[in-house]
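A structural walkthrough
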Amino acid sequence: MNHEDVVNDIKAMLEGAEPPVSSDCCIYRVPFDIRRLNEDAYTPKVVSIGPFHHRRHHRLQNMERHKLIYCKAFLERANASLDTFVHHIEEVEPNFRRCYSETLELSKEELVKVILVDSSFIIELFWRFYYDEWSQDDAFLLKPWLSTNIRLDLLLLENQLPFFVLDSLFNLSIGSAHGSDRNKIPSFLVFTFDYFSYYNRSNLGSRNITIKHFTDLIRTFHLQHPLQRRPLRIDEPVTHLQSATELLEAGVRFKVNTKSDCLLDLRFSGRVLEIPQLKVEDWTEILFRNMVALEQCHYPHESYITDYVAVWDFLINTSRDVDLLVRKGVLVNWLGESDSVANLFNSLWKNIIHLNFSSHYFDLCQDLNDYCRDPFHKLKATLRRDYCNSPWQTAASIAGIVLLILSLLQSVCSVLQVVQ
């Protein structure tokens, strides 16, 4: 190859050099250092959605048949032809590609098929769930183990379709319905909220809510609303917080925060740390790992879920911390062994880059650390633990003090008599 050929090859290479990620990107591959800690938490178990896991895993092939059945039902119910849907998808396909963090190797024709089948499956599933319109053909999908895993798979960051595509296809499907009938049909966002209502702890309404995809929805469920309630971010990280056991030994009391529906609403006042109750279930790790991965990739300067995970990582070091928080009602352990819960929280914050921190959590951690540094608080906690741990122990301690005082008085009186 001569000099001119090399120059031409380099020019050709440079012509194809484009930014790999656009501002429209919202669906990401989980970073390698995070993914390798628990690959199963980011990989679909029963159903592949979107291009990242399309035909990558043999175990997902069984659901392809069910997706086609739901796609057929969707097209039969829709007020638009197959040709109309394909034409619409072909129009949005370039925008669809820009939503992904990697160049999609699928051809335009293949990608249009994936979008149509996967979107139709989701829309039809949500429709049947909302209206409770199930048939005998749904018996397999309604088995609890499968329906639960489908719902979880739809929340994985790598297993997403952009919400705008689902929403536009749904609107297209009801587009030519009669006016009165169309007004009775809720928006696709309402269908989505209904399907994932189990995770909507704060009972957030769909009004004025915009989402990128379903992983973004789960994160939105956990944030404070309205937006003005969210704490400011500061560039100073939290580097230390005592564990739950150490806080207890320093005199801090733990209490379930029942005044707030938001899981992130931790409060410290007086000597009481109030924490909303957290149920640790089989899928808790999956949800938090995917929300943290989303924040690492898309919300690095608004990582409120990551802040929450960091505080738990500080509070829980060993199974003793877990047992303490379970006794106080702050944690509900549905995993079984306390060590499993401790390992979960100790691993969620690994390999995470934290650019800033919630000002509320920063102040809370500072206040807790200041409280623990005060030797007077530790002395009070020790006295309370050793001498006033129960009504009987308190009564015995008071009786002992009274006897000691009486003995001292008797000794003083005896000395005075001798002196006189």
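My aim in this report is to walk through the structure given alongside it, one point at a time. Bear in mind that the values here come from a model prediction, so they are computed numbers and not experimental data.

1. Some words on the pattern of salt bridges
Scanning the model with the defined rule gives 16 salt bridges in all. In this structure, Glu93 and Arg97 form a salt bridge, with 2.3 Å as the shortest nitrogen-oxygen distance. Here Arg97 and Glu93 lie together in helix H4 (residues 82-98), a separation of four residues that amounts to about one turn. Here Arg97 falls in the partly exposed class, since its relative accessible area comes to 23%. Two residues, Glu285 and Arg289, come together in a salt bridge whose shortest N-O distance is 2.8 Å. Here Glu285 pairs with Arg289, and both are found in helix H12 (residues 284-298), just four residues apart, close to one helical turn. Each member of the pair, Glu285 together with Arg289, is buried. Taken together, the salt bridges that share partners define one network made up of Arg77, Glu124, Arg128 and Asp138.

2. What to know about the sheet that holds strand S4 (residues 272-275)
Strand pairing in a sheet relies on backbone hydrogen bonds, with the paired strands running either antiparallel or parallel. Pairing within the open sheet is mixed, and its three strands lie in the order S2-S4-S3. Each end of this open sheet is capped by a strand with a single partner; those strands are strand S2 (253-256) and strand S3 (267-269). Mean inter-strand twist for the sheet, computed between neighbouring axes without regard to direction, equals 25 degrees. With three bridges connecting them, S3 and S4 associate as antiparallel partners. Among the inter-strand pairings, Arg267 is bridged to a residue of S4, identified as Glu274. Packed onto the sheet, helix H16 (residues 359-373) meets S3 and S4 and runs at close to 40 degrees relative to S3.

So, how was this worked out
- Residues numbered from 1 in each chain as written.
- Predicted model: local features only at pLDDT ≥ 70, side-chain atom pairs only at ≥ 80, totals over all residues.
- Heavy atoms only, no water.
- Salt bridge = Lys/Arg side-chain N within 4 Å of Asp/Glu carboxyl O.
- Helix = DSSP H or I, 4+ residues; strand = E, 2+ residues; numbered from the N terminus.
- Buried < 20%, exposed > 50% of the residue type's maximum accessible area, 1.4 Å probe, protein only.
- Pairing = 2+ DSSP bridges.
- Axes fitted to C-alpha atoms, helices over the stretch in contact; angles between N-to-C directions.
- Contact = heavy atoms within 4.5 Å.

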